[in-house]
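Okay, here's what each chain looks like letter by letter:
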Amino acid sequence: MCCVDTKWGCSCTSSLNSSKREWKPLEDRSCTDIPWLLLFILFCIGMGFICGFSVATGAAARLVSGYDSYGNICGQKNAELEAIPNSGMDHTHRKYVFFLDPCNLDLINRKIKSVALCVAACPRQELKTISDVQKFAEINGSALCSYDLKPSEYASSKAKGLCPKLPVPASAPIPFFHRCAPVNISCYAKFAEALITFVSDNSVLHRLISGVMTSKEIILGLCLLSLVLSMILMVIIRYISRILVWILTFLLILGSLGGTGVLWWLYAKQRKSPKETVIPDQPQVAEANLRALLIYAISATVFTVILFLVMLVMRKRVALTIALFHVAGKVFIHLPLLVFQPFWTFFALVLFWVYWIMTLLFLGTAGSAVQNEQGFVEFKMSGPLQYMWWYHVVGLIWISEFILACQQMTVAGAVVTYYFTRDKRNLPFTPILASVNRLIRYHLGTVAKGSFIITLVKIPRMILMYIHSQLKGKENACARCVLKSCICCLWCLEKCLNYLNQNAYTATAINSTNFCTSAKDAFVILVENALRVAAINTVGDFMLFLGKVLIVCSTGLAGVMLLNYQQDYTVWVLPLIIVCLFAFLVAHCFLSIYEMVVDVLFLCFAVDTKYNDGSPGREFYMDKVLMEFVENSRKAMKEAGKGGAADARELKPMASGASSA
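Residues numbered from 1 in each chain as written. Predicted model: local features only at pLDDT ≥ 70, side-chain atom pairs only at ≥ 80, totals over all residues. Heavy atoms only, no water.

**Student:** Mind laying out the packing of aromatic side chains, listing which residues take part and the relevant values?
**Tutor:** Aromatic rings in a pair are described by how distant their centres are and how their planes are angled relative to each other. A complete count under the given rule lists 18 aromatic pairs for this structure. Taken together, a centroid distance of 5.9 Å and an interplanar angle of 50° make the contact between Tyr70 and Tyr147 tilted. Taken together, the residues Tyr70 in the loop between helix 1 (34-65) and strand 4 (96-99) and Tyr147 in the loop between helix 2 (130-140) and strand 8 (171-173) connect sequence positions 77 residues apart. As far as burial versus exposure is concerned, Tyr70 and Tyr147 are alike and both buried. Centroid distance Phe325 to Tyr594: 5.7 Å. Interplanar angle 35°. Geometry classified as tilted. You can see Phe325 sitting in helix 7 (residues 318-334) and its partner Tyr594 sitting in helix 14 (residues 573-611), a full 269 residues away along the chain. Its relative accessible area of 1% is what places Phe325 among the buried residues. In this structure, Arg422 is placed above the aromatic ring of Tyr621, and the distance from its NZ or CZ to the ring centre is 3.9 Å. (Phe/Tyr/Trp six-rings, centres within 6.5 Å; stacked < 30°, edge-to-face > 60°. Helix = DSSP H or I, 4+ residues; strand = E, 2+ residues; numbered from the N terminus. Buried < 20%, exposed > 50% of the residue type's maximum accessible area, 1.4 Å probe, protein only. Lys NZ or Arg CZ within 6 Å of the ring centre and 35° of its normal.)

Pasting the structure below:
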């Protein structure tokens, strides 16, 4: 049974034999994988329950207002906790959390190792001596030492260890969260130093941080430059795709030949070098180097020969990659909103991640008050509720993958509409919004199922990665090898499933079938055109990768030239790293959309050539550029005659489709 769209919505009808079913682009719309949609909705309701539970148990007040080391929530009157001193205090006029040593961070437990107090005001200026702390308490009415001390006792001997570490850095309350945070971020130098292993001197770290703060305008400008360069590159690829592909192919062959030649030259030079030049104490080192050069030279030779053979076999199929890139440029002209698709996806992901992090923080402060070894209060959940964060983590992965899959389905639906519309003047006013409408009405279940399959693979890989990090340095070599092998296999499986999922979404957009049927149909098409797929994924992906490298290098070069004239600081390595990472991220977002469009166009092209042959009644849907490629392939096949068996095999799907249709 399948649910087919009618005038009034979705109704159930019997399906034909799926094994003999032909592809019927855009003829019917079906509500696919409805059980999976219901399962996803139930899962989201569970996520909402976790959020509601964490807020209802009082965690919201502890998170937003903050609490001291004795379990008192700042800014309100508190109830006394059993067997815990200094609990149950009235902090109505003490609205801010102040840490006696805010720079003492525990990296392992991810918290500040310091006594926390509720205070009336944060010290806006640095307090260098204990008399300054006492004066601040008398003037502002904000006691920065333990509740058991009066301001007049701050300088006495019993105040030892009960007052803040001197000097007290200037701080300001964090908006909405009422915590006193040091204004100078260099306070966290030790924390950052623990993460940046190459820093051995605090002064280096201070210069790095000051470089970022001083050059924030330049960093922002360079980030905008990377955005502009990415958009320009997408336009350029369309017009010079033919030249660009052959230039990259030529450079790849030239680089392989040059590298192989250099290795053999170095090997010959080392072999002919006189024995007197070798250090007497290290003859084994020289022999090992010579053997290594021989291995490298042989490996490079084998690689070059294989590369030549692959280029020889796939030289005709490179033309299809060029044609698809050219048509992809036309798609962006007719569907300009595709350019902004990464922004909407990123915005949706950020909104969800903010919600997820806020809920996680709520969960972190939920539960019952427990006294730790130091005598201070922590809030922990007990019983089955303490495992809710596992559900929350699965939700992070599944819903994030769901949002990314929605982008893939939206892009696939819009490109499919463009491809299978013969007269481009009859395209919908906004094909992207039309694709979003079809996604919401019919295919959310398919997207939920596809994203769940990726989640099933990703979770075991993350668990194995966590186990590997925890056992680092403890496990033996065999266990380490097995763990890394499992992680690698799961990663490869995840990448393959991602590619198959994307093509399954395209098949769903064409035929409106459920996920499994679409995945099977897409897999059959991809297998029938395996050599073409290999050409597109090698040449096309390599060209897009070089485009990303070009944008990063251009942005980095501009950054070097601009930062070189900045005299306010001496170290600008960190600003350059930030800019280059952002440039790569932007380039990846834009060019991944381009890559996605090319993959969708290829599947549409493969379906078109399989069930149409250009004769009356079975006209092609494809663009003129792709039609020229088909005609050239037919001419080459006719000229080759019986000797062109390989080309005949390549075009077999088109011929068999014509006869069977």
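**Student:** An account of the state of the cysteines is needed here, citing residue identities and associated values.
**Tutor:** Applying the stated criterion across every chain yields a total of three disulfides. Each sulfur of the disulfide joining Cys122 and Cys180 lies 1.9 Å from the other. One disulfide, between Cys122 and Cys180, carries an S-S torsion of -80° and so falls in the left-handed class. On the criterion of sequence distance, the pair formed by Cys122 in the loop between strand 7 (116-119) and helix 2 and Cys180 in strand 9 (residues 180-182) is long-range, its members being 58 residues apart. Neither Cys122 nor Cys180 differs from the other in exposure class; each is buried. Covalently, Cys145 is tied to Cys163 through a disulfide, its sulfur atoms 2.0 Å apart. Here the S-S torsion is close to 115°, and the disulfide linking Cys145 with Cys163 is therefore right-handed. Here Cys145 is found in the loop between helix 2 and strand 8, whereas its partner Cys163 is found in the loop between helix 2 and strand 8, with 18 residues between them in sequence. In this pair, the class of Cys145 matches that of Cys163, namely buried. (Disulfide = S-S within 2.5 Å.)

**Student:** Run through the packing of helix 9 (residues 388-419) against helix 10 (residues 431-470), naming residues and quoting values.
**Tutor:** Two numbers describe how helix 9 lies on helix 10: the axes approach to 5 Å, and their chain directions differ by 140°. What the angle tells us is that helix 9 and helix 10 run oblique. Note that helix 9 runs across helix 10; the crossing there is right-handed. Residues belonging to the contact of helix 9 with helix 10 are distributed by class as follows: 19 nonpolar, eight polar and three charged. (Axes fitted to C-alpha atoms, helices over the stretch in contact; angles between N-to-C directions. Parallel < 35°, antiparallel > 145°, perpendicular 65-115°, else oblique. Left-handed = near helix turned anticlockwise from the far one by under 90°. Nonpolar A, V, L, I, M, F, W, Y, C, P; charged D, E, K, R; others polar.)

**Student:** A description of helix 9 should follow, citing residues and the corresponding values.
**Tutor:** When the terminal C-alpha atoms of helix 9 are compared, their 46 Å separation across 32 residues agrees well with the 46 Å that a helix rising 1.5 Å per residue should span. With 25 of 32 residues buried, helix 9 is to be regarded as a mostly interior element. (Expected span 1.5 Å × (residues − 1).)

**Student:** Any chance you could break down the nonpolar core for me, citing the residues and the numbers?
**Tutor:** Residues Leu338, Tyr594, Val597, Leu601 and Leu626 are the most contacted members of the largest nonpolar core, which totals 59 residues. Going through the elements one at a time, helix 5 (216-272), helix 7, helix 9, helix 11 (477-511), helix 12 (515-528), helix 13 (530-563), helix 14 and helix 15 (624-640) are the ones with two or more residues in this core. For Leu601, the contacting residues outside a window of four places in its chain are Leu324, Val327, Ala328, Val331, Val415 and Tyr419. Cys74, Leu127, Cys145 and Cys163 belong to the second largest nonpolar core, which has 24 residues in total. (Core = buried A, V, L, I, M, F, W, Y, C linked by side-chain atoms within 4.5 Å. Contact = heavy atoms within 4.5 Å.)

**Student:** Could you give an account of the pattern of salt bridges, with specific residues and numbers?
**Tutor:** Enumeration according to the criterion identifies four salt bridges in this entry. A salt bridge links Glu401 to Lys458, with the shortest nitrogen-to-oxygen separation between them at 2.7 Å. On the criterion of sequence distance, the pair formed by Glu401 in helix 9 and Lys458 in helix 10 is long-range, its members being 57 residues apart. No difference in accessibility class separates Glu401 from Lys458, as the two residues are buried. Each of the salt bridges in this network shares a partner with another, and the network as a whole consists of Glu401, Lys458, Arg461 and Glu494. (Salt bridge = Lys/Arg side-chain N within 4 Å of Asp/Glu carboxyl O.)

**Student:** So what's going on with the environment of Ser592? Residues and values would help.
**Tutor:** Inspection of the secondary structure assignment puts Ser592 in helix 14. Residue classification places Ser592 among the buried residues on the basis of a relative accessible area of 18%. Linking Ser592 and Pro342, residues 250 residues apart in sequence, is a C-alpha distance of 9.1 Å.

**Student:** Describe the environment of Lys495, naming the residues involved and giving the relevant values.
**Tutor:** Among the structural elements, Lys495 can be located in helix 11. For Lys495, a relative accessible area of 42% corresponds to the partly exposed category. Remark: the alpha-carbon pair of Lys495 and Val457, spanning 38 residues in sequence, is separated by 10.0 Å.

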